[in-house]
Amino acid sequence: MNKIEGVARELCEASEFVAIVTSGDDGPHVVGNWGEYLRRMGYTEDTLVFPAGRYRKTEENLARNNRVQLLIASKKVMGTRTPGQGCVIAGTAEIVHAGELVDAVKAKFPWARGALVVHVENVQTQL
Ligand SMILES: Cc1cc2nc3c(=O)[nH]c(=O)nc-3n(C[C@H](O)[C@H](O)[C@H](O)COP(=O)(O)O)c2cc1C
């Protein structure tokens, strides 16, 4: 799959949190976000938006290497055999500091210093 559709969409609707991994000189770096924040910001088939309040190291990493992976999962979504599914979303990302998107993020999350924008390229289920 290369889009947020079908089971990936179900997971975006159900996941409690999102793990976001970037690569630094010192290896992988994992940060979090809430599924609720993703849903509040709205998302499309190929773009996910998160409020960025911290993410300093993430921003530093993305400036050097914009590849990113996200993991979302929920027991409420059916897997191949049993309840529970998760998927890895791979693509590129950037932290944006100005523009309409950032205004929309700040309107909902006044503490945000920008928007973490993920451009989806590949989606793989894990269960
Ligand atoms: C479940 C969860 C949700 C989080 N939500 C946000 C968020 O919406 N925005 C944010 O900037 N940091 C959020 N954080 C905190 C960051 O993951 C954490 O502060 C991170 O270390 C900061 O990024 P950095 O290490 O790249 O500087 C969240 C963490 C968790 C565990």
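Quick summary incoming for the structure in this document. (Residues numbered from 1 in each chain as written. Predicted model: local features only at pLDDT ≥ 70, side-chain atom pairs only at ≥ 80, totals over all residues.)

Here we look at the site of the ligand
Okay, so step 1: Lining the immediate surroundings of the ligand are 15 residues, of which Val 31, Gly 32, Gly 53, Arg 54 and Thr 58 lie closest.
Okay, so step 2: Of all the secondary-structure elements, those providing two or more residues to the shell around the ligand are strand E2 (27-34), strand E3 (47-52) and helix H3 (56-64).
Okay, so step 3: Of all the elements, E2 adds the most residues to the shell around the ligand, at four residues.
Okay, so step 4: Residue classes in the shell around the ligand are distributed as eight nonpolar, four polar and three charged. (Near = placed C-beta within 6 Å. Helix = DSSP H or I, 4+ residues; strand = E, 2+ residues; numbered from the N terminus. Nonpolar A, V, L, I, M, F, W, Y, C, P; charged D, E, K, R; others polar.)

Let's talk about unusual backbone geometry
Okay, so step 1: Its identity is not glycine, yet Tyr 55 carries a phi of approximately 55 degrees, on the positive side.
Okay, so step 2: Tracing the backbone shows Tyr 55 in the loop between E3 and H3.

Concerning the sheet that holds E2
Okay, so step 1: Across the sheet, which stays open at both edges, the six strands sit in the order E2-E1-E4-E5-E6-E3 with antiparallel pairing between neighbours. For this open sheet the edge positions go to E2 and E3, each flanked by a neighbour on one side alone. Mean inter-strand twist for the sheet, computed between neighbouring axes without regard to direction, equals 30 degrees.
Okay, so step 2: By the bridge criterion, ten bridges tie strand E5 (residues 83-96) to strand E6 (residues 114-125) in an arrangement that is antiparallel. Among the inter-strand pairings, Ala 93 is bridged to a residue of E6, identified as Val 118.
Okay, so step 3: The strands that H3 touches are strand E1 (17-24), E2 and E5; relative to E1, the one it contacts most, it runs at about 50 degrees.
Okay, so step 4: The strands touched by helix H4 (residues 100-108) within the sheet are E3, E5 and E6, with E6 carrying the most contacts at an inclination of about 100 degrees. (Pairing = 2+ DSSP bridges. Axes fitted to C-alpha atoms, helices over the stretch in contact; angles between N-to-C directions. Contact = placed C-beta atoms within 7 Å.)

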